[in-house]
Amino acid sequence: MVRRTRVMWGSWRIWQPRLVFWVGALMIGVISVFFARAADYAYELFEGLRHTTAYSPYLPLVLTPLGFMLCSYMSTRLFPNSQGSGIPQAIAARHLHNTESQHRLLNLKVAAGKILMTIIGLFCGASIGREGPTVQVGASIMIQTARWGKMIQTKGLIVAGSAAGISAAFNTPLAGIVFAIEEMSRAYESRANGLVVSAIILSGLAAIGLAGNYTYFGQASAIAVRPEEWVAVFVCGIGGGLLGALFSLYSLKAARRIKRWAQPAPVKRMAIVAGGCGLAVALIGLVFGGATFGTGYEQARTVIEGGSINPFFFLGKLLATFLSMASGIPGGIFAPSLSVGATLGSTVAHVLGISIGLGAILGMAGYFAGVVQSPMTAFVIILEMTDNHDGIITLMATSMLGYIASRMISREPLYHGLSRAFIADSIKFQRARNRETAAGERSSAEEMREETRRYNEKGAI
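Definitions and limits used
- What you see as residue numbers is a count from 1 along each chain, following the sequence as written.
- For this predicted model, a pLDDT threshold of at least 70 governs which residues receive local features, and a threshold of 80 or more governs which side-chain atom pairs are given and counted, while totals over whole chains, interfaces and linings are taken from all residues.
- Only heavy atoms go into the side-chain values, all of them from the structure, while hydrogens and water stay out.
- UniProt positions are given in the numbering used here, feature names are shortened, and annotations may be inferred rather than shown by experiment.
- Secondary structure elements follow DSSP: runs of H or I no shorter than four residues count as helices, runs of E no shorter than two count as strands, and numbering proceeds from the N terminus.
- Three labels apply to residues, based on accessible area from a 1.4 Å probe with only protein chains included: buried if under 20% of the type maximum, exposed if over 50%, partly exposed otherwise in between.
- Whether two residues are in contact is decided by their heavy atoms: any pair within 4.5 Å suffices.
- Accessibility throughout is a Shrake-Rupley quantity obtained with a 1.4 Å probe, and a residue counts as covered only by protein chains that appear here.
- Planes of paired rings set the category: under 30 degrees apart is stacked, over 60 is edge-to-face and the rest tilted, where pairs are Phe, Tyr or Trp rings (Trp by its six-membered ring) whose centres lie within 6.5 Å.
- Working convention: axes come from line fits to C-alpha atoms, limited for helices to the stretch in contact. Angles between N-to-C directions cover 0 to 180 degrees.
- An angle counts as roughly parallel when it lies under 35 degrees, as roughly antiparallel when it exceeds 145, as roughly perpendicular when it falls between 65 and 115, and as oblique in every other case.
- Crossing handedness is read from the near helix: turned anticlockwise from the far helix by less than a right angle, it gives a left-handed crossing, and turned clockwise, a right-handed one.
- In the scheme used here, Gly and all other residues not listed as nonpolar or charged are polar, with Ala, Val, Leu, Ile, Met, Phe, Trp, Tyr, Cys and Pro taken as nonpolar and Asp, Glu, Lys and Arg as charged.
- In this description, a nonpolar core means a group of buried Ala, Val, Leu, Ile, Met, Phe, Trp, Tyr and Cys residues linked to one another through side-chain atoms lying within 4.5 Å.
- Each residue after the first adds 1.5 Å to the expected span of a helix.
- The rule for a salt bridge is simple: a side-chain nitrogen of Lys or Arg has to be within 4 Å of a carboxyl oxygen of Asp or Glu.

As recorded in an unreviewed UniProt entry, the protein goes by the name H+/Cl- antiporter ClcA, listed as coming from Martelella mangrovi. The UniProt entry for the protein carries this comment under Subcellular location (unreviewed entry): "Membrane".

**Points about the overall build of the protein**
Scanning the protein from N- to C-terminus turns up 18 helices and zero strands. Within the protein, the proportion of its 461 residues that are buried is 54%. Sequence separation of at least 24 residues holds for 80% of the intrachain contacts in the protein that already meet a minimum separation of 6. Of the accessible surface of the protein, which amounts to about 20600 Å², a share of 64% is contributed by carbon and sulfur atoms.

**Details of unusual backbone geometry**
Trans is the common state for peptide bonds, and a negative phi is the common state for residues other than glycine. In this structure, asparagine 81 is a non-glycine residue whose phi angle is positive, near 75 degrees. Structurally, the position occupied by asparagine 81 is in the loop between helix H2 (60-78) and helix H3 (87-95).

**Comments concerning the packing of aromatic side chains**
For the structure on display, the rule yields five aromatic pairs. Taken together, a centroid distance of 5.1 Å and an interplanar angle of 80 degrees make the contact between phenylalanine 46 and phenylalanine 293 edge-to-face. One end of the pair, phenylalanine 46, is in helix H1 (residues 2-50); the other, phenylalanine 293, is in the loop between helix H11 (266-287) and helix H12 (297-304), with 247 residues separating them in the sequence. One exposure class covers both phenylalanine 46 and phenylalanine 293, and it is buried. Summarising the aromatic geometry, the rings of phenylalanine 247 and phenylalanine 322 are spaced 6.3 Å apart at their centres and angled 75 degrees between planes, so their arrangement reads as edge-to-face. Of the two residues, phenylalanine 247 is situated in helix H10 (residues 227-262) and phenylalanine 322 in helix H13 (residues 313-326); the sequence distance between them amounts to 75 residues. Of the residues examined, phenylalanine 247 reaches a relative accessible area of 3% and is grouped as buried. Every member of this aromatic cluster is reached through a ring pair, and the members are Tyr43, Phe46 and Phe293.

**Here we look at the environment of proline 88**
Along the chain, proline 88 turns up in helix H3. By relative accessible area, which is 2% here, proline 88 ends up buried. As for proline 88 and valine 135, which are separated by 47 residues in sequence, their C-alpha atoms are 9.7 Å apart. Apart from the residues lying within four places of it in its own chain, the contact partners of proline 88 are Tyr415, Leu418, Ser419 and Phe422.

**Examining the environment of valine 267**
For valine 267, the location among the structural elements is in helix H11. The class for valine 267 is buried, based on a relative accessible area of 19%. Linking valine 267 and methionine 74, residues 193 residues apart in sequence, is a C-alpha distance of 9.1 Å. With near-sequence residues (within four places) excluded, valine 267 lies in contact with Tyr73, Thr76 and Arg77.

**Re the side chain of asparagine 81**
According to the relative accessible area criterion, asparagine 81 is buried, its value standing at 13%. With sequence-adjacent residues up to four places away left out, asparagine 81 is seen in contact with Ser75, Gln89, Arg104, Leu105, Val110, Gln136 and Phe422.

**A closer look at the packing of helix H14 (residues 334-352) against helix H15 (residues 356-372)**
In contact at an axis separation of 6 Å, H14 and H15 are set at 135 degrees when each is read in the N-to-C sense. If you check the angle between H14 and H15, you find them oblique. Seen along the crossing, H14 lies across H15 with a hand that is right-handed. Contacts between H14 and H15 involve Phe334, Ser337, Leu338, Val340, Gly341, Ala342, Gly345, Ser346, Ala349 and His350 on the former and, on the latter, Ile356, Gly359, Ala360, Gly363, Met364, Tyr367, Phe368 and Val371. Tallied by class, residues from the contact of H14 with H15 come to eleven nonpolar, seven polar and no charged.

**Looking at the nonpolar core**
Membership of the largest hydrophobic core comes to 59 residues, with the highest contact counts inside it found for Phe334, Ile381 and Ile382. The dominant element in this core, judged by the number of residues it contributes, is H15, at eleven residues. Not counting chain neighbours up to four residues away, the residues in contact with isoleucine 381 comprise Phe170, Thr172, Ala175, Phe334 and Phe368. Among the nonpolar cores identified, the runner-up in size contains 26 residues, and Cys71, Phe79, Leu122 and Ile128 belong to it.

**Thoughts on helix H16 (residues 375-386)**
Its twelve residues place the ends of H16 17 Å apart at the C-alpha level, agreeing with the 16 Å of an ideal helix rising 1.5 Å per residue. Among the twelve residues in H16, eleven count as buried, and that is most of the element. Turning to H16, its buried residues are Pro375, Thr377, Ala378, Phe379, Val380, Ile381, Ile382, Leu383, Glu384, Met385 and Thr386. Phi for aspartate 387, located one or two positions after H16, is positive at around 50 degrees.

**Remarks on the pattern of salt bridges**
Where charged atoms from two side chains of opposite charge approach closely, those side chains can pair. Applying the stated criterion across every chain, the model contains eight salt bridges. As a salt-bridge pair, arginine 50 and glutamate 47 come within 3.1 Å of each other at their nearest N and O atoms. Within this pair, arginine 50 and its partner glutamate 47 are both found in helix H1, separated by three residues, close to a single helical turn. According to the relative accessible area criterion, arginine 50 is buried, its value standing at 7%. Across the pair glutamate 131 and arginine 130 runs a salt bridge, and its minimum N-O distance is 3.9 Å. In this pair, the class of glutamate 131 matches that of arginine 130, namely buried. Here the salt bridges do not stand alone but share partners, grouping Arg226, Glu228 and Glu229 into one network.

**Focus on the side chain of serine 399**
As for its position among the elements, serine 399 is in helix H17 (residues 392-409). Assessed through its relative accessible area of 0%, serine 399 is described here as buried. Excluding residues within four positions of it along the chain, serine 399 makes contact with Ala365, Ala369, Pro375, Ala378 and Phe379.

Below is the structure:
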């Protein structure tokens, strides 16, 4: 009887971390669906407010800067390490060896704040997306899962949670795997492959169960056959890659300079920066009739389906996305970047006289690969979002051209460049904690010596 109990207890100790891990993966899928619906509803409210009265179109001039300042204050004061996309934090946590430092970047409080402030940002018209934040939320859930399940493979869990988050956000399971390999780890660990695939499957099942099986941008075809269509491949690949590289390069420069400038009073100065960026985003939105607000999903889908749009929209959307990112408020760039790329490609297609839908898909591949410098992730995620399996060679070629062109200008990938600031801050924080601990130990030792001296003096008397 004792032996049977020990066997059952041993089995439970083996199965406990697995069960907790599976629950965590399912939670990622459920929360991703909730996050998506809440984000869409928030932006719909913003659009509704803009069309309420004759003066409502000018509402963003007040609402957007104030919303940016509120998000900046909350992310700096209440939810530190929730700024920006969220992917750099996950990458930084994976490179840190100290468990406490990992938990400062990835925890449930940060995840809750990330969701809340991304929703507020979309309600205020920020040019941001929810997909990058979902990566940080997924990684945070997995880190907490590791604590509950007493699991020690935290780096593998960070990769698994990040991949599950991107997969559930876009309903693209293959893209989640490729994202884990190419963007999160840059070198795949065989020990983590089971965790990644299991997390993607379970989170995907939860998401499909709640939202249904859907294709993000519907069905589209992107097969280059005629000579002018292959010209579009080169133009969208190289042109999109160069434009994406400029966005990435100046985003990194802006982030570093703004951080240095804000260092003496980060809460106040970052709020000032956010307010200025918010006002600029509102002005751009007014110039383009409100089209540059939000994720840009509707505009991207319009051109993918062959519809027409302002040929200069991509410039306004790019600038609005750059300012939203520079402000430091929580929010991703995945969806806005796809919108910029799609509308850039539609403009190229209009000039060359080819299918608008084909140009839009090629533009997405070239520009997105140029921004993130991850060509495999770019073409796989677009392949799954458009259900365009016939055009895989075309997408691969465009993504690779975008990547090569981007590397000529920006040598450092955007997310990895942004992660360096979080790594440096974590190391400084840990060193400060170590110094405080050492000082406390010295103080305790001195107090003990003083007590011993007094005791000895009393004994001598």
